[in-house]
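What follows is the residue order along each chain.
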Amino acid sequence: MKQITLSAAQIAEITGGRICGDAARTVTGVAAVKYASAEHLSFVGSKKYEEQLSSAAAGIILVCPDLANADCSSRTIIVCDNVDLAFAKIAAMYAEEAPAPIPGVHPSAVVDPSAKLGNNVSIGANAVIERDVVIGDNTVIGAGCYIGHEVKIGCGTVLSPNVTVMFRCLIGNKNIIHSGVVIGADGFGFVPGPAGLVKVPQTGIVQIDDDVEIGANTTVDRARFGKTWIKSNVKIDDQVMVAHNVVVSESSILIAQCGIAGSTEIGRGVIIAAKAGINGHITIGDGCQVAGTSGVVKSLPAGTIAIGTPAESQREFMARLTLPKRVMKQDARIKELEAEIAALKKALASN
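How each quantity is defined
Residues numbered from 1 in each chain as written. Predicted model: local features only at pLDDT ≥ 70, side-chain atom pairs only at ≥ 80, totals over all residues. Heavy atoms only, no water. Helix = DSSP H or I, 4+ residues; strand = E, 2+ residues; numbered from the N terminus. Rg over C-alpha atoms; globule rule 2.2 N^0.38 Å. Buried < 20%, exposed > 50% of the residue type's maximum accessible area, 1.4 Å probe, protein only. Contact = heavy atoms within 4.5 Å. Areas by Shrake-Rupley, 256 points an atom, 1.4 Å probe, with all protein chains shown as cover. Lys, Arg positive; Asp, Glu negative; His and termini not counted. Charge placed at Lys NZ, Arg CZ, Asp CG, Glu CD. 1 Å grid on protein atoms, 1.4 Å probe; cavity = no way out; pocket = protein on both sides within 12 Å on 5 of 7 lines; lining within 4 Å. Points joined across faces, edges and corners; volume = space filled by probe spheres on them. Nonpolar A, V, L, I, M, F, W, Y, C, P; charged D, E, K, R; others polar. Pairing = 2+ DSSP bridges.

Of the regular secondary structure elements, the protein chain holds four helices and 40 strands. Here the C-alpha atoms of the protein chain give a radius of gyration of 28 Å, more than 25% beyond the 20 Å that 2.2 N^0.38 yields for 351 residues. Counting only C-alpha atoms, the protein chain reaches 110 × 75 × 30 Å along its principal axes. Across the 351 residues in the protein chain, those meeting the buried criterion constitute 39%. Counted over contacts in the protein chain with a minimum sequence separation of 6, partners at least 24 positions apart contribute 20%. Carbon and sulfur atoms provide 57% of the accessible area of the protein chain, an area that totals close to 18,500 Å². Both charge centroids of the protein chain, one from 31 positive and one from 33 negative side chains, sit 8 Å from each other.

Pasting the structure below:
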């Protein structure tokens, strides 16, 4: 972490926050609220974590508006409308930059003579670049990467060590692809035959547009025909499975261990949470949100919030979740009414 001293006044100016307490108080680093000490900046972004705030030792704490009245006698509070964004701005100032890659080809790398490398390209140790590959300016190919024949990679893209990009796949500009990612492995396709399962040829490619980030050990399979397509500004977490002929539209987020089955189309701005499973040959509309561990078996209209297995709308899920309690209340009320009726019958009989 960089050694930078910032005052509360400076932090408030950078984040647009409002200071409660000593504006001259300084910090030299950032830390989680549980582990922060007096020289750290930390944050509490929700009122539900208020108890953490009461015991926090951080010198300066960014808080949401709901915590604007927190005690600031022993620390400085800065109230921010968007605490996560505000903290990210400050944390970025303390972050150490990764070692800059050295342009050129490492002596142990194997680069086919037909490959075309742009300006300031860096090829790491033991990387393999096959025939007719094209790599744009300022792109980094990390140690141990494999780039298959006729692959095209744009400018400013970074492949971390041990990334595999299979033949003919297309990768755009300014992408970040983390270690262990496999792009363009065969899609999963088999049909039963007289002698057992017969492999279906996967003749398509994977196309990844610009400003995409793909987390470690994620797999994006090549299409059976045409292309599996990850569009611009998509962010994919670690250990995600994207099957053949899937289309993921702009600015969508796929979170750890979710899986998208073949030929499904994901709209713009969709969020698919951890361990969710999406059935094949369906459409997830723009702006949908799929909750963690949910199983989506049919297409979702734009803007749907889907929860559960099989996934259903938020309203349907809550109705089903609360149904047993409602039934119990109705049952109790029925018993009360039965008791009242019995008492009335007894009273009438005695008259």
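Moving on, there is more to tell.
Time to look at the layout of surface pockets. What the largest pocket holds in volume is close to 260 Å³. Of all the secondary structure elements, the ones that give two or more residues to the lining of the largest pocket are β8 (104-105) and β11 (122-123). Taken together, the residues that form the lining of the largest pocket break down as eleven nonpolar, five polar and no charged. There is about 170 Å³ of room inside the second largest pocket. Every residue along the wall of the second largest pocket is listed here: G189, F190, V191, V200, Q202, R224, F225, H244, N245, G262, S263 and H281. The residue makeup of the lining of the second largest pocket, split by class, is four nonpolar, seven polar and one charged.

Bringing the pairing of strand β23 (residues 196-199) into the picture now. Looking at chain direction, strand β22 (residues 190-193) and β23 are connected through four bridges and run antiparallel. Bridge assignment links F190 to a residue of β23, and that residue is K199. Here β22 hands over to β23 after two residues, the two strands then running antiparallel side by side.

What follows concerns the sheet that holds strand β33 (residues 265-266). Strand pairing in a sheet relies on backbone hydrogen bonds. The paired strands run either parallel or antiparallel. Spatially, β10-β13-β16-β19-β24-β27-β30-β33-β36 is the arrangement adopted by the nine strands of the open sheet, whose pairing is parallel. Each edge of the open sheet is held by one strand with a lone partner, namely β10 (116-117) and β36 (283-284). Of the pairings in the sheet, the one linking β10 to strand β13 (residues 134-135) comprises two bridges and is parallel in character. Across the sheet, residue K116 finds its bridge partner in β13, namely V134.

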